[in-house]
Amino acid sequence: NAGVTQTPKFRVLKTGQSMTLLCAQDMNHEYMYWYRQDPGMGLRLIHYSVGEGTTAKGEVPDGYNVSRLKKQNFLLGLESAAPSQTSVYFCASSVQLNTEAFFGQGTRLTVV
Amino acid sequence: AQSVAQPEDQVNVAEGNPLTVKCTYSVSGNPYLFWYVQYPNRGLQFLLKYITGDNLVKGSYGFEAEFNKSQTSFHLKKPSALVSDSALYFCAVRGYSSASKIIFGSGTRLSIRP
């Protein structure tokens with residue numbers, strides 16, 4: 001079982017460059033999430049989706065955009081990367097908002 | 001506003017001793033509460049959750065957690081620690097409202113010495 005798969009696993013960007021992180025889940029979950037993890041700050045919710053074609057803002061949405069064109073995929077975009085976006089990004093999915101989430105292995109992004 | 005606090009950045013325990021990782025929360029109404037564990041260079045893995053019912057919740061790998069409504073706490077416990085329990089532990093909370101989001105604590109690093 002693949003579960004939640006994130007690509008790429010590592011990336012280095014220059015300030016101002018753009019990129020898209022891809023998250024794919026094969027569990028037919030309705031809910032998908034993007035988090036960033038920074039030392040001492042835990043996980044902070046960037047954006048989430050409650051179903052295909054829907055997206056909503058989390059705690060720290062500025063500088064990011066998302067799309068959920070297919071139920072199994074949730075894309076996170078950085079239009080103009082900034083050093084403050086250096087972080088580890090995690091995608092997760094769940095059956096409902098009150099059920100446990102399944103996480104991908106993370107993408108380590110460095111913006112120089 | 002929702003919040004969750006893990007007051008200890010690190011907890012050190014000798015193997016075989018009981019362990020406790022603390023979590024307190026603030027949410028309007030009743031909470032959904034979760035514990036996750038993260039091993040190095042991995043994503044988070046679900047350990048256990050409290051939705052309703054018994055205050056003592058049992059989860060994976062011998063862990064349990066006690067929900068205390070009056071103290072707004074959800075501490076993670078294990079009767080006998082293993083070296084393999086060494087990892088980063090996260091508490092998370094969500095309110096019952098459909099508009100409520102899942103909020104994670106800052107994490108507690110658990111170190112079990114042989």
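The model shown is predicted, which means the values in this text are computed figures rather than measured ones.

Student: Any details on the overall build of chain B? Residues and values, ideally.
Tutor: Counting secondary structure elements, chain B contains zero helices and 12 strands. When the helices and strands of chain B are listed from N to C terminus, the series reads β-β-β-β-β-β-β-β-β-β-β-β. Relative to the compact-globule value of 13 Å for 114 residues, chain B shows a C-alpha radius of gyration of 14 Å, a close match. Counting only C-alpha atoms and orienting by the principal axes, one finds that chain B spans roughly 45 × 30 × 20 Å.

Student: Help me get a handle on the interface of chain A and chain B, residues and values and all.
Tutor: Each partner contributes to the interface: chain A provides 22 residues, whereas chain B provides 21 residues. Taking both partners together, chain A and chain B bury about 1,700 Å²; carbon and sulfur atoms supply 56% of that area. Among the residues of chain A in contact with chain B, A:Leu97, A:Asn98 and A:Glu100 are the three that bury the most area, contributing 30% of the side total. The interface formed by chain A and chain B holds one salt bridge in total. Measuring nitrogen to oxygen at the nearest pair gives 2.9 Å for the salt bridge that ties B:Lys49 to A:Glu100. Between chain A and chain B we count four residue pairs in polar contact (both at pLDDT 80 or more) in total. Mapped onto the side of chain A that touches chain B, the elements with two or more residues apiece are strand E4 (31-38) and strand E5 (42-49) of chain A. Looking at which element gives the most residues to the side of chain A that touches chain B, the answer is E5(A), with four residues. Among the residues forming the side of chain A that touches chain B, the class breakdown is 10 nonpolar, eight polar and four charged.

Student: Go over the pattern of salt bridges, please, and point to the residues and values.
Tutor: Overall, the coordinates contain seven salt bridges over all chains when judged by the stated rule. Between B:Glu66 and B:Lys77 there is a salt bridge, with its nearest N and O atoms 3.6 Å apart. Within this pair, whereas B:Glu66 is found in strand E8 (residues 64-68), its partner B:Lys77 is found in strand E9 (residues 73-78), the two being separated by 11 residues in sequence. With a relative accessible area of 38%, B:Glu66 lands in the partly exposed category. You can call B:Lys77 partly exposed: its relative accessible area is 29%. Where salt bridges share partners, they join A:Arg36, A:Asp38 and A:Arg44 into one cluster.

Student: Outline the confidence of the model for chain A, listing residues and values.
Tutor: Residues of chain A with pLDDT of at least 70 account for 99%, and the chain-wide mean is 94. Ranking the elements of chain A by mean pLDDT puts E5(A) last, at 92, and strand E8 (residues 73-78) of chain A first, at 98.

About the criteria used
- Residues numbered from 1 in each chain as written.
- Chains lettered and ligands numbered in written order.
- Predicted model: local features only at pLDDT ≥ 70, side-chain atom pairs only at ≥ 80, totals over all residues.
- Heavy atoms only, no water.
- Helix = DSSP H or I, 4+ residues; strand = E, 2+ residues; numbered from the N terminus.
- Rg over C-alpha atoms; globule rule 2.2 N^0.38 Å.
- Contact = heavy atoms within 4.5 Å.
- Buried area = accessible area lost by both parts, 1.4 Å probe.
- Salt bridge = Lys/Arg side-chain N within 4 Å of Asp/Glu carboxyl O.
- Polar contact = N/O pair within 3.5 Å; in protein donor to acceptor, adjacent residues only side chain to side chain.
- Nonpolar A, V, L, I, M, F, W, Y, C, P; charged D, E, K, R; others polar.
- Buried < 20%, exposed > 50% of the residue type's maximum accessible area, 1.4 Å probe, protein only.
- pLDDT = per-residue confidence, 0-100.

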